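One letter stands for each residue in the lines below.
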Amino acid sequence: MKASRLFLPALAVLTIAALTGCVAFRSSRHHQASSVVQFLYPDKNEPFVEPGIPTLHLPLRIGVAFVPSATREKAPNWFDQGVSFTEAQKTVLMRRIAAKFKGLPFVQSIEILPETYLRPGGGFDNLDQLRSLLGVDVVALISYDQAQNSSDTAWSLAYWTIVGAYIVPAQKNDTHTLMEAVVYDIPSRRLLFRAPGSSAVTGHSTMVRTPAEMRVDSARGLDLAADDLTENLQRELDAFKIRLKEEPQSVHIERKLGYSGGGGMGLWFFGALVTITAISRWPRRQLAASSQPS
């Protein structure tokens, strides 16, 4: 009798502890991010430098890089699931962005820069070093912010049984991803244009499969945000080309020695073609006019 009196309270305590641990496990979050602002302006006490009017020396050498990660956190009860934006994923995205620039006639080359070339809080001094080292004139900096949350649903009561944790998809998983590419002229510190991208992925999983499903959702969310970003980037590039023509005072254009591209040759050829066509038709018009009876 004494043994049973001691055993039952102990069993109740263990059961409550197990359930508490299970509930704590089922409500979890994961966050990873990088920030262009924190990279370019790490010291708030430094005076703000007014950007100048950019002078683009055509053809351009453009660098593409991810800014160093600023935030990566997880709740204490979230077991290590290894969710992260890998270097391989970043390289694939940078190549997709580089492809958008390669089709421009005023771009000479694209440099894909490893994240190790940029130090956290390196600012414009870091970009000046890259300009001296690699000869890039313009840089496209990519940042991202991804938040993941896994919470239980009404079906989570099935976790009171061992089988339920394996077969009942009672976890609701949400993944929200924001991505942005900002294009800067390094010497003038001037932002030329920016393009955002976003995605939202929602799904359900069993308690046991949650880490694996969250990894899949993370990769899918980044891919979808990257797709949205590249589409917006194309639109911003088209708008930037129009702005160069309509607002020539906002950006100075200079051509490097021996270079005559970037649209100038196309306009010259078109004008010459119109002139030649008009001249060739002029004698015919004169002949037709003289042959008409007076």
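Being a predicted model, the structure only gives us computed values, none of them experimental.

Criteria and thresholds
- Here the residue numbers are simple positions, counted from 1 along each chain's written sequence.
- Reporting in this predicted model follows two pLDDT cut-offs: at least 70 for local features of residues, and 80 or more for side-chain atom pairs to be given and counted; totals over whole chains, interfaces and linings ignore these cut-offs and use all residues.
- Think of the side-chain values as coming from all heavy atoms in the structure, minus any hydrogens and water.
- Here, nonpolar core refers to any group of buried Ala, Val, Leu, Ile, Met, Phe, Trp, Tyr and Cys residues whose side-chain atoms link them within 4.5 Å.
- Note on exposure labels: buried denotes an accessible area under 20% of the residue type's maximum, exposed denotes more than 50%, and partly exposed covers the range between, all computed with a 1.4 Å probe on protein chains only.
- Counting from the N terminus, the helices are the DSSP runs of H or I reaching at least four residues and the strands are the DSSP runs of E reaching at least two.
- By definition, residues are in contact when any of their heavy atoms lie within 4.5 Å.
- Here the expected span of a helix is defined as 1.5 Å times the quantity of residues minus one.
- In this description, the arc belongs to the directions extending from the helix axis to the C-beta atoms.
- When the centres of two rings from Phe, Tyr and Trp lie within 6.5 Å, Trp using its six-membered ring, the rings pair. Their planes under 30 degrees apart give stacked, over 60 give edge-to-face, and anything left gives tilted.
- In this scheme, the term charge over a ring applies when either NZ of a lysine or CZ of an arginine sits within 6 Å of the ring centre and within 35 degrees of the ring normal.
- Angles here are taken between N-to-C directions and fall from 0 to 180 degrees, while the axes themselves are lines fitted to C-alpha atoms, restricted in helices to the stretch in contact.
- We call two directions roughly parallel when the angle between them is under 35 degrees, roughly antiparallel when it is over 145, roughly perpendicular when it lies between 65 and 115, and oblique otherwise.
- Crossings are sorted by hand: turned counterclockwise from the far helix by less than a right angle, the near helix makes the crossing left-handed, and turned clockwise it makes it right-handed.
- Within this document, salt bridges are pairs made up of a side-chain nitrogen of Lys or Arg and a carboxyl oxygen of Asp or Glu, the two lying within 4 Å of each other.

Q: Looking at this model, I keep getting lost on the nonpolar core. Mind explaining?
A: One broad rule of soluble globular proteins: the nonpolar side chains tend to lie buried together. Core analysis: the largest hydrophobic core is formed by 35 residues, its most contacted members being Leu56, Leu93, Ile97, Phe101, Ile142, Met179 and Phe193. The set of elements that each furnish at least two residues to this core consists of β2 (55-58), β3 (60-66), α3 (87-102), β5 (107-112), β6 (138-152), β7 (171-185), β8 (190-205) and α6 (210-246). When residues in this core are grouped by element, the largest group, seven residues, is from α6. Ignoring sequence-local partners within four residues, the contact set of Ile142 consists of Ser34, Val64, Ala65, Phe66, Val67, Leu93, Met94, Ile97, Met179, Glu180 and Ala181.

Q: When you look at α3 in this model, what are you seeing that I'm missing?
A: An ideal rise of 1.5 Å per residue puts 22 Å on 16 residues; α3 measures up with 22 Å between its terminal C-alpha atoms. Regarding α3, the residues found buried are Lys90, Leu93, Met94, Ile97, Ala98 and Phe101. In a view along the axis of α3, the buried residues occupy a sector of 145°, so they form one face of it. Looking at α3, the residues exposed on the side facing more than 90 degrees away from the buried face are Ala88, Arg95 and Lys102.

Q: Looking at this structure, how should I read helix α4 (residues 123-134)?
A: Note on helix geometry: an α-helix contains 3.6 residues per turn, so any two residues three or four positions apart are oriented the same way. Look at α4: 17 Å from first C-alpha to last across twelve residues, which is about the 16 Å you get at 1.5 Å a residue. Inspection of α4 places Gly123, Phe124, Asn126, Leu127 and Leu130 among the buried residues, and these make up the whole buried set. Looking down the long axis of α4, one finds its buried residues gathered within 150° of arc, a one-sided arrangement. Of the exposed residues in α4, those oriented more than 90 degrees away from the buried face are Asp125 and Ser132. Positive phi appears at Gly135, one or two residues downstream of α4, with a value of about 75°.

Q: I'm lost on the packing of aromatic side chains in this one. Help?
A: To describe a pair of aromatic rings, one takes the distance between the centres and the angle between the planes. If you walk through the whole model with that rule in mind, you get four aromatic pairs. With a centroid separation of 5.8 Å and 70° between ring planes, the pair formed by Tyr41 and Phe124 is classed as edge-to-face. Of this pair, Tyr41 sits in the loop between α2 (36-40) and β2 while Phe124 sits in helix α4, placing them 83 residues apart in sequence. On the basis of an interplanar angle of 70° and a centroid distance of 5.8 Å, the ring pair of Phe124 and Tyr184 is categorised as edge-to-face. Highlighted residues: Phe124 in helix α4 and Tyr184 in strand β7, separated in sequence by 60 residues. This pair shows no difference in class: Phe124 is buried, exactly as Tyr184 is. Here a set of aromatic residues connected by ring pairs shows up, and it is made of Tyr41, Phe124 and Tyr184. Lying across the ring of Phe66, Lys90 places its NZ or CZ 5.6 Å from the centre.

Q: Looking at this structure, how should I read the packing of α3 against α6?
A: Axis angle and axis distance: for two packed helices, these are the angle between their axes and the distance between the axes, and together they describe the pair. Contact geometry of α3 with α6 gives a least axis separation of 10 Å together with a crossing angle of 15°. Taken as axis vectors, α3 and α6 run roughly parallel relative to one another. α3 and α6 meet at a crossing whose hand is right-handed. Taken together, the residues of α6 that come into contact with α3 (itself represented by Gln89, Leu93, Arg96, Ile97, Lys100 and Phe101) are Ala219, Leu222, Asp223, Ala226, Asp227, Leu229, Thr230, Leu233, Gln234 and Leu237.

Q: Please explain the pattern of salt bridges as it appears in this structure.
A: Opposite charge on two side chains lets them pair, provided their charged atoms get close. Overall, the coordinates contain eight salt bridges when judged by the stated rule. One salt bridge in this structure joins Lys90 and Glu115, with 2.5 Å as the shortest N-O distance. With Lys90 in helix α3 and Glu115 in the loop between β5 and α4, this pair connects stretches of sequence that are 25 residues apart. With respect to class, Lys90 is no different from Glu115; both count as buried. In the salt-bridge network here, residues are joined through shared partners; they are Glu87, Lys90 and Glu115.

Everything listed is a geometric property; what it means functionally is a separate question.
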